[in-house]
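Residues per chain are reported as follows:
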Amino acid sequence: MKRTLLLATVATVVAGSAIAQDNVVNVYNWSDYIAEDTIEKFEAATGIKVVYDVFDSNEVLEAKMLTGSSGYDVVVPTSDFLQRQIAAGAYQPLDKSKLPNLANMDADLMAGAAVYDADNEYATIYMWGTTGIGYNVGAIAERLGEDYEVNSWDLVFNPEIVSKLADCGVTMLDAPTEILPAAMNYLGLDPRSTNKADFEAGAALLESVRPHVRYFHSSQYINDLANGDVCVSVGWSGDVFQALYRAEESENGVEIGYVIPDEGALQWFDMLAIPVDAPHSDNAHTFINFIMDAQITADITNYVWYANGNAASMPMVDPEITSDPGIFPTEAASAKLWSSKVYDARTDRVVTRLWTKVKTGQ
Ligand code: N2P
């Protein structure tokens, strides 16, 4: 009896691996951006194996998409980058007949995403968020006083203030198209400007605070904030909340806050899209449709602390999340958010050159 069972198991494993060789979906997503059990659940529900890679930079994803033959079936560009990559022919139109769960999506948010992708032809919303400031409550109070209210970009862009924080660790995202506009906005310039002089002014401001910045990196700060190794990070909403809860779970006494500063901040959409040369386009559709399941998306939001674009998921999202103004901004805060803007090649070169200068200090 025992032997028969064993043989049967071996046979199943062999058959399973033969299928697994072809029946895969290659997913390239941002780091710290999916629930613990999403992939497992997808594999169990569909029999499709997920090969999962992560990145933390739109520029890195873009280089792969513009080169082609990435081998990926599903990728997650931010909407402005998506727009440029669509124009370059990097994506295939979604076959909406394979995506019945599109019906779950929030019409207003999808209309917002359609600004970058007319009729949502190529992509659907994965998650959205803001680029604001994460901070260590105790470390800031120690250096700036108990009464100092963290509500302004002063914390990182005012040299007098940020210089007082340099010792406890100030970090910024390595995301030029997000940080330069934030600096421009702080100077009273239009964060969506593509004027070279405005970028230069933003870069000059960044260079003035550069000596007080420990590093530019887009994922390291989650752990560093949580462990108290850095005290201020210009970062993404959900990532800062992940740091907050990692600290809480480890009971290390570190208290983290996230603020959308009063001057406003960037609001972005990250989009699920299928590269034009995806080797497993059918499986890609199956994966995207699975993600748009109301419960699956709710589970992801509940785990990564990012808002999503799935209206049907909202009743299943933790009220602690839906009621947090750092994740779902208040109306007043929303009015001050700006959306990302696609740059043409010339503007992109200006941004890249200035960013290198800011980062290296030369
Ligand atoms: C997840 C970061 C995703 C937000 N770690 C960047 N668009």
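Residues numbered from 1 in each chain as written. Predicted model: local features only at pLDDT ≥ 70, side-chain atom pairs only at ≥ 80, totals over all residues. Heavy atoms only, no water.

S.K.: Quick one: what's the story with the pattern of salt bridges, residue by residue and with numbers?
M.R.: In the structure shown here, the tally under the stated rule is 11 salt bridges. As a salt-bridge pair, Asp348 and Arg84 come within 3.4 Å of each other at their nearest N and O atoms. Of this pair, Asp348 sits in helix H17 (residues 345-360) while Arg84 sits in helix H4 (residues 79-87), and the two are 264 residues apart along the sequence. Residue classification places Asp348 among the partly exposed residues on the basis of a relative accessible area of 22%. Of the residues examined, Arg84 reaches a relative accessible area of 19% and is grouped as buried. In this structure, Lys98 and Asp95 form a salt bridge, with 3.6 Å as the shortest nitrogen-oxygen distance. Among the charged side chains, a network of salt bridges with common partners joins Asp37, Lys41 and Asp299. (Salt bridge = Lys/Arg side-chain N within 4 Å of Asp/Glu carboxyl O. Helix = DSSP H or I, 4+ residues; strand = E, 2+ residues; numbered from the N terminus. Buried < 20%, exposed > 50% of the residue type's maximum accessible area, 1.4 Å probe, protein only.)

S.K.: Before we move on, could you go through the domain arrangement of the chain and cite the residues and values that matter?
M.R.: Looking at the assigned domains, one finds that the chain contains domain 1 (18-128 + 269-327) and domain 2 (130-267 + 338-360). Relative placement of domain 1 and domain 2: their C-alpha centres are 26 Å apart. Tallying the contact residues gives 21 residues for domain 1 and 24 residues for domain 2. Summed over both sides, the interface of domain 1 with domain 2 buries roughly 1,900 Å², with 49% coming from carbon and sulfur. One salt bridge connects Arg246 with Asp32, and the closest N-O pair in it is separated by 3.1 Å. Every element with two or more residues in the side of domain 1 that touches domain 2 is listed here: H4 and helix H14 (294-304). It is H4 that provides the largest number of residues to the side of domain 1 that touches domain 2, a total of five residues. Across the side of domain 1 that touches domain 2, the residue classes tally to 10 nonpolar, four polar and seven charged. (Domains from an automatic or database assignment. Contact = heavy atoms within 4.5 Å. Buried area = accessible area lost by both parts, 1.4 Å probe. Nonpolar A, V, L, I, M, F, W, Y, C, P; charged D, E, K, R; others polar.)

S.K.: Lay out the environment of Lys359 in plain terms, naming residues and giving numbers.
M.R.: As for its position among the elements, Lys359 is in helix H17. Accessibility expressed as a relative area gives 30% for Lys359, which makes it partly exposed. Taking the C-alpha atoms as reference, Lys359 lies 7.2 Å from Phe216; in sequence the two are 143 residues apart. Within polar-contact distance, the side chain of Lys359 engages the side chain of Asp174 at 3.0 Å. (Polar contact = N/O pair within 3.5 Å; in protein donor to acceptor, adjacent residues only side chain to side chain.)

S.K.: So what's going on with the state of the cysteines? Residues and values would help.
M.R.: By the definition in use, this model includes one disulfide. The disulfide that involves Cys168 links it to Cys231, with 1.9 Å between the sulfurs. Of note, the bridge from Cys168 to Cys231 carries an S-S torsion of about 65° and is right-handed in sense. Note that Cys168 is positioned in the loop between helix H8 (159-162) and strand S5 (170-172) and Cys231 in the loop between helix H11 (220-227) and strand S7 (232-236), a separation of 63 residues in sequence. Here the two residues Cys168 and Cys231 agree in accessibility, since each one is buried. (Disulfide = S-S within 2.5 Å.)

S.K.: Just give me the short version of the side chain of Asn26, but keep the residues and values in it.
M.R.: Along the chain, Asn26 falls in strand S1 (residues 24-30). Among the residues examined, Asn26 registers a relative accessible area of 15% and is labelled buried. Separated by 3.0 Å, the side chain of Asn26 and the backbone oxygen of Gly71 make a polar contact. Look past the residues within four positions of Asn26 in its chain and what remains in contact with it is Val51, Gly71, Tyr72, Asp73, Val74, Pro279 and His280.

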